[in-house]
Amino acid sequence: MTLSILAGLLLGLAFAVLADTFWVAVFRAQPVGWFKRVLQGTALVRIEGSAGAILIYPRERRLEVQHRGRRHRLAFDDIRGLEYRVEERPARLQELFFGLDITDLLSRYQDTVDWFSIALLTHGGERVPLYLSGRWQRREFALGWYIDAQQAVLQRLGLMADVERRSRDALDTLRRHL
């Protein structure tokens, strides 16, 4: 009798872990930003992403950024540098969806969305966005090990991208061409 109770508990636990992992995969698999080099030649490099299109003309030492109907044209000499930012913001929707508990009142255990952005800074003080992506960071009291293991499994299965690595790859790509 006790063996069947233990087996039922283990089966219930396995089902709960699978269901939780499924819901986390649904939330974390949402595309939150993309960036890819579409064309690379000696006269033109075209990079497209969720923040718009970037056309780099290496021979002419200039670039164009097309973003939300706006077009920025800049000479390389007008560029002061690239700005890479990581910002942490509250993830209230995910916190509500996955349930609130008393530990969520402590900032250390509140879910966040980590936003990764890259912008072009000009000598004139303008900030031109080139890249934006984000990821939900789940935080729970005493479950850091479980969340890390779940994240590793989802990444291995290709259901969750390493957004930080992708943002750094985008930064490297931009540095290489500018």
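As shown above, the structure is provided for reference.
Basis of the calculations
Residues numbered from 1 in each chain as written. Predicted model: local features only at pLDDT ≥ 70, side-chain atom pairs only at ≥ 80, totals over all residues. Heavy atoms only, no water. Pairing = 2+ DSSP bridges. Helix = DSSP H or I, 4+ residues; strand = E, 2+ residues; numbered from the N terminus. Axes fitted to C-alpha atoms, helices over the stretch in contact; angles between N-to-C directions. Contact = heavy atoms within 4.5 Å. Core = buried A, V, L, I, M, F, W, Y, C linked by side-chain atoms within 4.5 Å. Buried < 20%, exposed > 50% of the residue type's maximum accessible area, 1.4 Å probe, protein only. Salt bridge = Lys/Arg side-chain N within 4 Å of Asp/Glu carboxyl O.

**Remarks on the sheet that holds strand β1 (residues 35–40)**
- Reading across the sheet, the five strands line up as β1-β2-β3-β4-β5 and stay open at both edges, with antiparallel pairing between neighbours. For this open sheet the edge positions go to β1 and β5 (70–75), each flanked by a neighbour on one side alone. Geometrically, the sheet is characterised by an average inter-axis angle of 15° between neighbouring strands, direction not taken into account.
- Along the sheet face, helix α4 (residues 163–177) touches β1, β2 (45–49) and β3 (52–57) and points at about 30° away from the line of β1.

**A short note on the nonpolar core**
- Core analysis: the biggest nonpolar cluster contains 18 residues, and Ile54 and Leu63 have the highest contact counts within it.
- Elements with a contribution of two residues or more to this core: β2, β3, β4 (62–67), β7 (112–122), β8 (127–137) and α4.
- Apart from the residues lying within four places of it in its own chain, the contact partners of leucine 63 are Ile54, Leu55, Ile56, Tyr57, His72, Arg73, Leu74, Phe76, Ile79, Leu120 and Leu178.
- Listed in part, the seven residues of the second largest apolar core include Val24, Ala25, Leu154 and Met160.

**What about the pattern of salt bridges?**
- Under the counting rule described, the total for this entry stands at 16 salt bridges.
- Note that arginine 71 and glutamate 64 form a salt bridge whose closest N and O atoms lie 3.3 Å from each other.
- The partner of glutamate 88 in a salt bridge is arginine 139, with the nearest N and O atoms 2.8 Å apart. Within this pair, whereas glutamate 88 is found in strand β6 (residues 79–90), its partner arginine 139 is found in the loop between β8 and α3 (144–156), the two being separated by 51 residues in sequence.

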